[in-house]
Number of protein chains: 2
Amino acid sequence: MLEKYDLTKMTDDRTFAKEIAPLKERLGVLQRALRDKKIPTIIVLEGWNTSGITMSTNEIIQSLDPRGFTLHAIESPTDEERARPFMWRFWMRTPSKGRIALFARSWYSRALAEKHHNIGIKKTLKDQINSINNFERQLSDDGAVIVKFFLHISKEEQKIRLLEKERNPLTSWLLTRGIWDFHHHYATNLPIIDELVEKTDTDHAPWKIIEATDRKYTILKVYSTLVKSLERKIAAEKEGLLIKGKQKILPLPPKKPVKRRSSPGSEYTNEECQNVLNSHQIEMLELNYLLFKRKIPFIIVYEGWDAAGKGGNITRVARFMNPLGYNVIPISAPNENDRQYHYLRRFIKHYPKAGHFAIFDRSWYGRVLVERVEGFCTEREWQRAYQEINEIEQDYVDCSGGGIVKFWLEISKEEQLKRFRQRANDPQKTWKITEDDWRNREKWEIYNEAVDEMLARTNTEHAPWVVIESDNKWYSRVKVLKTIIRHTEQLL
Amino acid sequence: MLEKYDLTKMTDDRTFAKEIAPLKERLGVLQRALRDKKIPTIIVLEGWNTSGITMSTNEIIQSLDPRGFTLHAIESPTDEERARPFMWRFWMRTPSKGRIALFARSWYSRALAEKHHNIGIKKTLKDQINSINNFERQLSDDGAVIVKFFLHISKEEQKIRLLEKERNPLTSWLLTRGIWDFHHHYATNLPIIDELVEKTDTDHAPWKIIEATDRKYTILKVYSTLVKSLERKIAAEKEGLLIKGKQKILPLPPKKPVKRRSSPGSEYTNEECQNVLNSHQIEMLELNYLLFKRKIPFIIVYEGWDAAGKGGNITRVARFMNPLGYNVIPISAPNENDRQYHYLRRFIKHYPKAGHFAIFDRSWYGRVLVERVEGFCTEREWQRAYQEINEIEQDYVDCSGGGIVKFWLEISKEEQLKRFRQRANDPQKTWKITEDDWRNREKWEIYNEAVDEMLARTNTEHAPWVVIESDNKWYSRVKVLKTIIRHTEQLL
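Just so it is clear, the structure is predicted and the values come from calculations on it, not from any experiment.

Asks: For this particular structure, what's the right way to read the environment of A:Trp438?
Replies: Residue and element names in this part refer to chain A. Relative to the helices and strands, Trp 438 resides in helix α18 (residues 435-442). On the accessibility criterion, Trp 438 (31% relative accessible area) is partly exposed. It is 64 Å that separates the C-alpha atoms of Trp 438 and Thr 176, two residues lying 262 residues apart in sequence. Once residues within four sequence positions are removed from consideration, Trp 438 is found in contact with Leu 417, Phe 420 and Ile 433.

Asks: What is the right way to read the interface of chain B and chain A from this model?
Replies: With 45 residues of chain B at the contact, the number on the chain A side is 45 residues. Between chain B and chain A, a total of about 4,500 Å² is buried, with carbon and sulfur atoms accounting for 61% of that surface. For the pair chain B and chain A, the number of links is two salt bridges. For B:Asp361, the salt bridge goes to A:Arg67, with nearest N and O atoms at 3.2 Å. The set of elements that each furnish at least two residues to the side of chain B that touches chain A consists of α1 (13-36), α2 (53-61), β2 (69-73), α3 (79-82), α12 (270-293), α13 (310-318) and β7 (326-330) of chain B.

Asks: Would you mind going over the relation of the copies chain B and chain A with me for this structure?
Replies: Note that the two copies of the chain are related through a rotation about an axis and a translation along the same axis. For the pair chain B and chain A, the relating rotation is 180°, the translation along its axis is 0.0 Å, and the fit reaches an RMSD of 0.0 Å. Both chain copies can therefore be described as sitting about a two-fold axis. Among all residues of chain B, the one whose C-alpha sits closest to the rotation axis is B:Asp79, at a distance of 3.1 Å. The fraction of interface residues of chain B whose copies in chain A are also interface residues reaches 100%, indicating that both copies meet through the same surface.

Asks: Looking at this model, I keep getting lost on helix α7 (residues 155-167) of chain B. Mind explaining?
Replies: Note: α-helices contain 3.6 residues per turn, so residues at a spacing of three or four share the same orientation. Residues and elements named next belong to chain B. The first and last C-alpha atoms of α7 sit 19 Å apart over 13 residues, in line with the 18 Å expected at 1.5 Å per residue. Every buried residue belonging to α7 is among Glu 157, Gln 158, Arg 161 and Leu 162, and all of these are buried. Each buried residue of α7 sits inside an arc of 130° when the element is viewed along its axis, so together they form one side. Among the exposed residues of α7, those oriented more than 90 degrees off its buried face are Glu 156 and Arg 167. Close packing links the buried residues of α7 with α8 (177-184) and α9 (186-199).

Asks: Where do I start with the pattern of salt bridges in this structure?
Replies: Side-chain pairs of opposite charge can arise where the charged atoms are in close proximity. All names here are of chain A. Scanning the model with the defined rule gives 68 salt bridges over all chains in all. The partner of Glu 211 in a salt bridge is Lys 9, with the nearest N and O atoms 3.1 Å apart. Residue Glu 211 is found in strand β5 (residues 207-211), and its partner Lys 9 is found in the segment before α1 (13-36); the two are separated by 202 residues along the sequence. On the basis of relative accessible area, Glu 211 is assigned to the buried category, the value being 3%.

Asks: Would you mind going over the confidence of the model for chain A with me for this structure?
Replies: Caution applies to low-pLDDT parts of the model: their predicted coordinates are not meant to be read in detail. Looking at chain A as a whole, the pLDDT averages 91, with 96% of positions reaching at least 70. On the interface metric, ipTM, the complex scores 0.80, and its pTM is 0.87.

Asks: Help me understand the sheet that holds strand β8 (residues 357-361) of chain A in this model?
Replies: The strands making up a sheet associate through backbone hydrogen bonding, with each pair oriented either parallel or antiparallel. Residue and element names in this part refer to chain A. Spatial ordering of the open sheet is given by β7-β8-β6-β9-β10, a layout of five strands whose pairing is parallel. The open sheet is flanked by β7 (326-330) and β10 (465-469), the only strands paired with a single partner. For this sheet the average axis-to-axis angle between neighbouring strands, irrespective of direction, equals 20°.

Asks: Is there a simple way to think about helix α6 (residues 125-141) of chain A in this case?
Replies: All names here are of chain A. Given a rise of 1.5 Å per residue, 17 residues ought to cover 24 Å, and the 24 Å separating the end C-alpha atoms of α6 matches this to within 8%. A large share of α6 lies buried, amounting to 14 of its 17 residues. At the exit of α6 stands Gly 143, carrying a positive phi of roughly 110°.

Asks: Help me out: how do you make sense of the nonpolar core in this one?
Replies: Grouped burial of nonpolar side chains is what soluble globular proteins tend to show. Judged by nonpolar contacts, the single largest core of 272 residues is most densely connected at A:Trp107 and B:Trp107. Discounting chain neighbours no more than four positions away, the residues touching B:Trp107 are B:Ile42, B:Val44, B:Phe86, B:Met87, B:Phe90, B:Ile132, B:Phe135 and B:Glu136.

Asks: What is the right way to look at the packing of aromatic side chains in this model?
Replies: Geometrically, a pair of aromatic rings is defined through the distance of the ring centres and the angle of the planes. Residue and element names in this part refer to chain A. Taken as a whole, this structure holds 42 aromatic pairs over all chains when the rule is applied. Aromatic side chains Trp 305 and Trp 408 sit 5.9 Å apart centroid to centroid with 75° between the ring planes, which places their arrangement in the edge-to-face category. With a gap of 103 residues between them, Trp 305 in the loop between β6 (298-304) and α13 (310-318) and Trp 408 in strand β9 (residues 403-410) connect regions that are remote in the sequence. Each member of the pair Trp 305 and Trp 408 is classed as buried.

Asks: What should I look at first to understand the sheet that holds strand β3 (residues 100-104) of chain B in this one?
Replies: Residues and elements named next belong to chain B. Strand order in this open sheet of five strands is β2-β3-β1-β4-β5, and the pairing throughout is parallel. The open sheet is flanked by β2 and β5 (207-211), the only strands paired with a single partner. In this sheet, adjacent strand axes meet at a mean angle of 20° when their direction is disregarded. Bridge count between β2 and β3: five bridges; the pairing is parallel. Looking at the pairing, His 72 lines up with Phe 103 of β3.

Asks: Would you mind showing me how to read the packing of helix α17 (residues 413-425) of chain A against α18(A) here?
Replies: Packed helix pairs are specified by the crossing angle of their axes together with the interaxial distance, meaning the distance between the axes. All names here are of chain A. α18 packs onto α17 with a crossing angle of 165° between their chain directions and a minimal axis gap of 12 Å. By the angle class used here, α17 and α18 are roughly antiparallel. Crossing handedness for the pair α17 and α18: left-handed. Taking contact as the criterion, the partners of Lys 413, Gln 416, Leu 417 and Phe 420 in α17 are, on α18, Asp 437, Trp 438 and Arg 441. In the contact of α17 with α18, the residues fall into three nonpolar, one polar and three charged.

Conventions and cut-offs
- Residues numbered from 1 in each chain as written.
- Chains lettered and ligands numbered in written order.
- Predicted model: local features only at pLDDT ≥ 70, side-chain atom pairs only at ≥ 80, totals over all residues.
- Heavy atoms only, no water.
- Helix = DSSP H or I, 4+ residues; strand = E, 2+ residues; numbered from the N terminus.
- Buried < 20%, exposed > 50% of the residue type's maximum accessible area, 1.4 Å probe, protein only.
- Contact = heavy atoms within 4.5 Å.
- Buried area = accessible area lost by both parts, 1.4 Å probe.
- Salt bridge = Lys/Arg side-chain N within 4 Å of Asp/Glu carboxyl O.
- Least-squares fit on C-alpha atoms with pLDDT ≥ 70 in both.
- Expected span 1.5 Å × (residues − 1).
- Arc of directions from axis to C-beta.
- pLDDT = per-residue confidence, 0-100.
- Pairing = 2+ DSSP bridges.
- Axes fitted to C-alpha atoms, helices over the stretch in contact; angles between N-to-C directions.
- Core = buried A, V, L, I, M, F, W, Y, C linked by side-chain atoms within 4.5 Å.
- Phe/Tyr/Trp six-rings, centres within 6.5 Å; stacked < 30°, edge-to-face > 60°.
- Parallel < 35°, antiparallel > 145°, perpendicular 65-115°, else oblique.
- Left-handed = near helix turned anticlockwise from the far one by under 90°.
- Nonpolar A, V, L, I, M, F, W, Y, C, P; charged D, E, K, R; others polar.

This is how it looks when you write it as C-alpha cells:
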C-alpha cells in the first residue's frame, strides 16, 4: 500500500506562501471551536526516521494557543511505564475535554520498535492491532476526534538525510545505532508498517499518508488534511450529527448467568474461620514473595451491596499480604477532574506495578451499576461498557502477564437491614451509614437486575467473577482469601 | 545520641496483650477524627535494615480503614523521579486533606543512601537537612501532622537478623550486596544518622526513637507514641489551639525593589524586531540541543498584567525552541483536587524533566497576587509564601543544576485599556476578554502594590525577575528571547 505513493510530489514557493497563511488561521479558529465544544482531540504524527515528524509538529503548534495543547514526544517507556500494560502510558496521555494532544510518535512506533527489537511485548502484531483498535474506538465513542499522519519517504531519501544529520555536530550524537539499524531494515519493515497502517485505518481514526520528500509539500498537506478533518468534525457536531450518533452499536457480550446466594449453606463458627485464615497466612505471604520476584501483577476487584462488608473484608485479607506489595484504591464518585476524561482512565491509572497487587474497593463496574441505575450516564454508554470493560481487562491480562479476580459480595436484603440498623445505633459506626444508603436500598430490585446483567456479561475466562456469600462475614473473608490464593497460584 | 538508647528493652506477653487492643481501637477512632477535621497525616518509618519497618507498618495499617491511607514503600527513584529535584517524588506523595500517608522509608533513607553511595545528590548533608526541614515545615504550616519513627537496633542484632534472612529461601534473594555493605559500615553511618536525626527533630515533625530489639516492645511503643501524637493534635484542634496559631512567624525576605516600566524608551519597528528574532533562532536551537544533551532543566515563569501579551509571547518564543523539549503549563484557578493539597504541589508536579524547559503561563506567584488581592488565602498564608517560594526555587536550582528565570510583563494602564477595547471589538478575539478582566482592572492600584512587593521579596540571585517592557509586543518578545538565551548560556 505505501509503495504506491508518489514520493516526488512538490510544492513551489508561491503556492506555499499563498495557501499556508489561511490554513494557519483556520487551525487557530478550530482549536477554539474544539475547546468550546469540549471535544478532546488526538493528533498522531508517525513516519520513518528523519521524515519530518519534529518539523511538522513544530509547524502545527505554531498555530495553536499553547495553553490548549500538550505535545507528547514518545520515546522508550520509563521504568514506571514499562511495569504496566503497553497501552497504559497512552491512556495516561489522552487529552481532557476541549484539549489537543499531539503525539510525535505514538503507540504505533512503540509497537513497531518492540516488535523490531523483540522486547517487552508478549503479544503478536495481530493482538497488538486489536488492542490499538479497541483503544482508538473507545476514545472515539466517547467523543474524541483522532487524526493520524504517516510521513512517508523512500530509503534513498532517508539515507541522504541521515548522512546530513551525521555531518552536523549538533545532531550527530542523536543518531543512535538503532536508527541506522532501522534504516538498513527499511525493506523488512515496510510490509509490517503497511499491515499496521492498513488494519488500523478506521472511519473514526483514519490514516493520512503524507508524501514527505518535499518540505513545503509535507507541511501544506499535513495542514490542509488536519484542517479538513477537524472542520468536518465541528460541522458534524453543529448539525447535530454527533459522531456518537453514527457509531456502529457494539454487540453486547453474551450472557452467561451467574448464580448468587448470600449464605454458604452450612454454618461456620467465627473460630473455625479464624483458624483457617491463620493457616493461610503463610501461604499467602509466600505467594506474595513469588509474584513480586517474578514481577507478576494482580488486580482484585470488590463490588457488592452496601454493608456487605467490603471494607472489613479488605482489611482482613490485606493483613495477610506483604504491606509493601499492595495498594487499596477506594473508588468514589468521579470528581471534576476525572469527568474531563474517558471514564476508564481514572481506573487504568491505578493498574498495579509489576509484582504488586491493586485492590479496588469498587471499580469501573460503577458504570453498569450506580451510573446505570441513577442515570449518571446514557443507556448507550452503559450498554457499550460491558464490551469496553471486557476489552480492557483482556488487554491488561494479555499485556502484563498478570491476573485479575472480581468479587461480588452478596448479602440478603434482610441481612442488609440488620446491618444498617446496627450501624445507625452504634456511635462508633454511625458514620458508616448515610441517607444514600437508605435510598439505594429502596432500589434493591433495580440494582438486582443490573447486578445480574453485569455478572452475566462480564464473567470472562481471563477475568472471572466470584460470588462471595457474605451473610457470614467470617466465611466471606475465608472464601476471598482462598480464592486469591487459588488464582495467584495458577500464575506461577 | 542514638548510642545512649537502651536496646535491651522488652515487653512480656501479658502486658502486650493487655495494652495493644485498646491502642488499636484508639488509632481507628483517630483516623476518622483526622478525616473529619481534614488533617493530612504523614507517618514516617525509618530505621536500620531488618529493624522491623515492614513489620511495624503492617501492624499500624491493621487498625486503619484501607480506604483512608496510602502506603509508600520508598525504594530507589524511577527514571522519572531521578530526572527531577530530590524532594519532587515526596512532594508528589504528600497526603490530601484527611488522608494518611505512611512512608516505609522516606526522604531520610534516600538522603543517606545517596550520601553513602555518593550518587545523585549535588548537595552536602547540611544542605539536604535544610531542604528537608523546609519541606516538613511547609507541610506542617499548611496543617499537616508529621510523626517520624527511627527503629534502632545494634550492629550485632542486625547481623543475626540478616543471617536469618539469608537462610530463608523466600527472603534470601532480597538481600542485595548493598544491604551487607551498609551493615559493614554501621559504625561509619551511625554518626551521620545521628546528625540527620538530631538536626531534623523539630516541634512540628519530631523524631521518636524506638528501641527495636524486641518485637512486642517495638509494636507497643510505635503504637502508643503514634496514638499520643495524633491525640495531641486532635485535642489542639478541638481547643482551637490550631497548630497554625502556634507557628513561629517566618521572617519576611528582605525587600530589594525592582523598577518597572512599560516602554523600552526608544522605538523599534516590528520589522527590526522580527529580524532580531530570526537571527536568534539558530542560537536558541543550539542551546536547546546542548541543554538537552547535558540534561539541564530550565523553568520560565510568565507573570504580568491581563492583556500584557503572555499568550502571544509564549507562542512566539516557543517557536524558536525544539518542540520536543518544552512544555507549556497554563495555570488557572485551583480545582477541587488541587485544593486538597499544599498549594505548591500542583506547580512542583510540573517541574521540567532533565534537559527540558517548563514554561509556566502564570505560576505559584498567584498566591501573592490574585489570592492575596481577592482574599482567597489568609494574610498569614500569603505573607508566608514569599519565603516558601524562595525556598522551593532555591531547592530546585540546587538539586537539579538547572535554571529559572521569571518574567514580569509590564504594560501601562492606558495600553491595557486600548487592548481590552480592541479585544471586545474583534470577533476573533472577543473570547479573550471577560468580566473578570474588567473587574481586575478596577483594582489596578491594589494589584500594583502586590506586584511591587512580590518583585522586591522574591528577586533572588538564583531565580531573578526580569521586567519586560511590553507596551510594544514585538520588543517584548525579543527581550524575552534574549534573556532566555543569556540565562541558559550561563548554565553551560
